[in-house]
Amino acid sequence: MLEKVNFFLFLNLLTITTCLLDYSHENGEVLKIGLGQLKSVVTHLPFRPDYPGFFKIKNNKVVNDNLGEIISGSKIIESNFTIKLNKNEYCKVLDTINITEQNTERTKWLINHDYFNMFYLDKLPSARGFFDSVTKESYTIYQGGIPLGFNEEDNNNDMEEYNIYNHFTFKVSLHEVISNTGSKRYEIVGFTTYPASIQQDENNLGCSKYDIKSSDGNDNYNAIIPNYEFSHLPQIIEPNKNITFTYDVIFERSNLTLISRWDNYLHLSSEIHWFGLINSNLIILIFTLLIIFIFCRAIKKDIDLYNVRVTGDDFIDEYGWKQVCNDTFRKPIHSMFLSAFIGNGIQLFSMIFLSLLISIIGILRPESRGNLLTLMIFMFVLMGTLAGYSGARIYKSFKGINWLKNALLTALLYPSIIYTIFIIINFCFIFEGSEPIKFGDLLSLLVLWLFCSTPLVLVGAFFGNIKKSIKIPCRINTCPTIIPPKPWYLRIKYLVWITGLIPFAAIFIEFIYVMASLWRDQIYYLFGFLWIALNVLIIVSSEVSIIVVYLCLCKGDYNWWWKSFFIGGSSVIYIMAYSIYYFFYLNITRFSTMCIYFGAMMIFSSIIFLICGSLSTLFTYAFLIKIYSMIKID
């Protein structure tokens with residue numbers, strides 16, 4: 001089983017290099033249009049494309065699936081829509097389907113909950129074309145897929161009629177290139193679908209009544225672009241009634257190149273992104289200036305004063321952060337859990353940081369939809385060594401001796417929580433009759449975790465344990481010093497609300513786009529902005545943590561370890577608060593969908609919490625070692 005999983009992961013990693021593949025095609029080459037899962041931004045429950053009984057899939061062939069596509073539910077299944085490159089075809093019959101009573105109710109439910117199809121050609125998702133009956137002009141929307149149909153009120157019967165889109169006009173844009181052999185080849189740089197509902201059957205095709213010839217005898221493309229429902233009766237969904245599905249294929253030349261074919265899909269508001277980036281950098285600049293001109297100057301003044309008072313004749317009792325120098329590096333409570341969480345945070349940060357960096361370089365293409373998630377899984381497994389090493393180093397600085405137990409806690413505790421939530425979400429899919437992740441794929445993830453990631457964590461912990469312990473500049477007293485009462489504003493229950501707002505404000509704009517990508521099914525590929533936002537979040541969280549810990553030490557509170565961890569990750573409070581607000585914005589009513597939403601947001605929030613909390617703690621640790629090493633201590 002382990003060999004099979006390792007081979008499976010190896011094959012998935014090979015798909016990451018899809019940017020090296022040739023996406024050009026020969027004239028007359030037969031291509032298949034792929035079908036993605038039926039999706040909805042209302043229920044967030046995916047279904048197979050043949051769930052309502054349409055689009056019969058004969059061989060159930062999946063197009064180049066990888067581990068990321070399986071987990072995210074983004075598989076593409078080869079359909080019976082067949083096209084020949086550069087050959088225009090009109091009113092081509094796909095199939096005639098008899099809609100059963102069960103499928104009729106399914107289809108009505110899907111239409112009521114705004115489900116849409118996802119068509120793919122050469123891994124390019126279809127945009128949706130519209131035709132304005134007033135201006136006689138067509139326009140295109142690149143998000144949202146192709147709806148199954150629509151419903152409208154029947155004034156005569158005082159009831160709703162459900163109409164199915166049963167005719168599709170596929171407009172394919174081609175860019176001509178010359179191959180190395182000198183022959184002409186074509187790249188698919190645009191794919192648009194114009195859906196229509198036409199009342200027709202096999203013997204009387206409504207789409208054939210449209211005149212597609214212009215006065216000069218050539219194909220008149222603009223004649224078939226308008227939605228057919230403007231001149232035909234729509235196809236009503238009724239039980240035990242045959243519905244004929246047809247489609248047109250139109251090819252046109254385009255100057256757009258292959259490398260630019262995603263520009264329309266990824267064209268989000270760059271002005272807003274740049275505003276968010278400038279806003280984030282201004283926050284970093286303000287905090288950095290605060291630390292340099294105020295904070296660092298205050299520390300330098302303290303250090304000069306402490307050193308003079310220790311060596312001078314007018315020695316005075318210590319005060320400020322020096323008075324707790326013999327307790328600052330004392331082992332915190334639950335030190336094994338803290339070191340394990342820090343190891344997990346380093347592992348998650350390395351995973352996301354490197355994956356986004358590889359995406360920015362351009363190795364991953366947008367059409368390789370599941371490759372980013374595949375890469376992140378691979379990085380998580382590989383970074384297990386770093387998790388074990390960093391966790392063991394921190395644990396050893398606490399004078400811990402049971403390094404193996406600490407390593408197992410690092411390898412098993414947090415991943416088991418995430419895996420459990422993932423299983424619960426999958427059961428919600430099963431309960432709703434949606435398409436869950438198969439048991440074999442879940443088992444593959446389990447094997448990757450237990451037999452690949454866990455051994456690497458143990459290896460990293462072994463090397464971290466044999467390395468010399470981190471040298472601290474102060475000795476630790478046997479008996480801890482009594483901590484004086486703190487001001488209310490330095491209590492943790494108030495601090496997390498104050499300190500969490502600043503990092504969240506720095507990433508708020510980018511976080512909105514991430515939420516839209518997760519829950520509004522919008523394509524997100526601006527990983528450069530996301531990578532910058534991640535670094536901004538960590539920098540601001542660490543700076544806030546350092547400032548607060550310094551203030552607490554000045555008041556005699558040396559229990560800073562867990563405080564630094566929670567303050568660093570306190571932005572998660574506002575992330576979850578915004579998630580609750582966004583939940584009501586989505587108008588989710590199904591209990592299973594609620595479980596899916598909050599389960600996914602818990603996973604997302606826990607990742608941010610561990611990353612920011614771990615790095616803030618480590619930066620604060622390094623800061624304290626630095627300032628205490630600069631003063632003279634008896």
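Residues numbered from 1 in each chain as written. Predicted model: local features only at pLDDT ≥ 70, side-chain atom pairs only at ≥ 80, totals over all residues. Heavy atoms only, no water.

Caption draft 1: Spotlight on the environment of alanine 600. Locating alanine 600 in the fold gives a position in helix H15 (residues 591–629). For alanine 600, a relative accessible area of 27% gives the class partly exposed. In this structure the C-alpha to C-alpha distance between alanine 600 and isoleucine 418, which are 182 residues apart in sequence, comes to 9.6 Å. In this view, alanine 600 contacts Ile425 and Trp519; residues no more than four positions away in its chain are not counted. (Helix = DSSP H or I, 4+ residues; strand = E, 2+ residues; numbered from the N terminus. Buried < 20%, exposed > 50% of the residue type's maximum accessible area, 1.4 Å probe, protein only. Contact = heavy atoms within 4.5 Å.)

Caption draft 2: Local environment of unusual backbone geometry. We note that cysteine 91 has phi near 55°; this positive angle belongs to a residue other than glycine. Within the secondary structure layout, cysteine 91 lies in strand S4 (residues 89–99). For aspartate 122, which is not glycine, the phi dihedral falls at a positive 55°.

Caption draft 3: Spatial organisation of the sheet that holds strand S3 (residues 77–84). The 4 strands lie next to each other as S3-S2-S6-S7, forming an open sheet whose pairing is antiparallel. Every interior strand has two partners, whereas the edge strands, S3 and strand S7 (124–125), have only one. Pairing of strand S6 (residues 119–121) with S7, which is carried by 2 bridges, proceeds in the antiparallel orientation. Residue tyrosine 120 lies in a different strand from S7, and its bridge partner there is proline 125. (Pairing = 2+ DSSP bridges.)

Caption draft 4: Highlighting helix H8 (residues 384–397). With 14 residues, H8 should reach 20 Å at 1.5 Å per residue; the first-to-last C-alpha distance of 20 Å fits that figure. Counted residue by residue, H8 has 10 buried out of 14 residues, so it is predominantly covered. The set of residues buried in H8 consists of Gly384, Ala387, Gly388, Ser390, Gly391, Ala392, Arg393, Ile394, Tyr395 and Ser397. Taken together, the buried residues of H8 touch helix H6 (335–361), helix H7 (371–382), helix H9 (403–431), helix H10 (439–466) and H15. Phi turns positive, to about 65°, at lysine 399, one or two residues after H8. (Expected span 1.5 Å × (residues − 1).)

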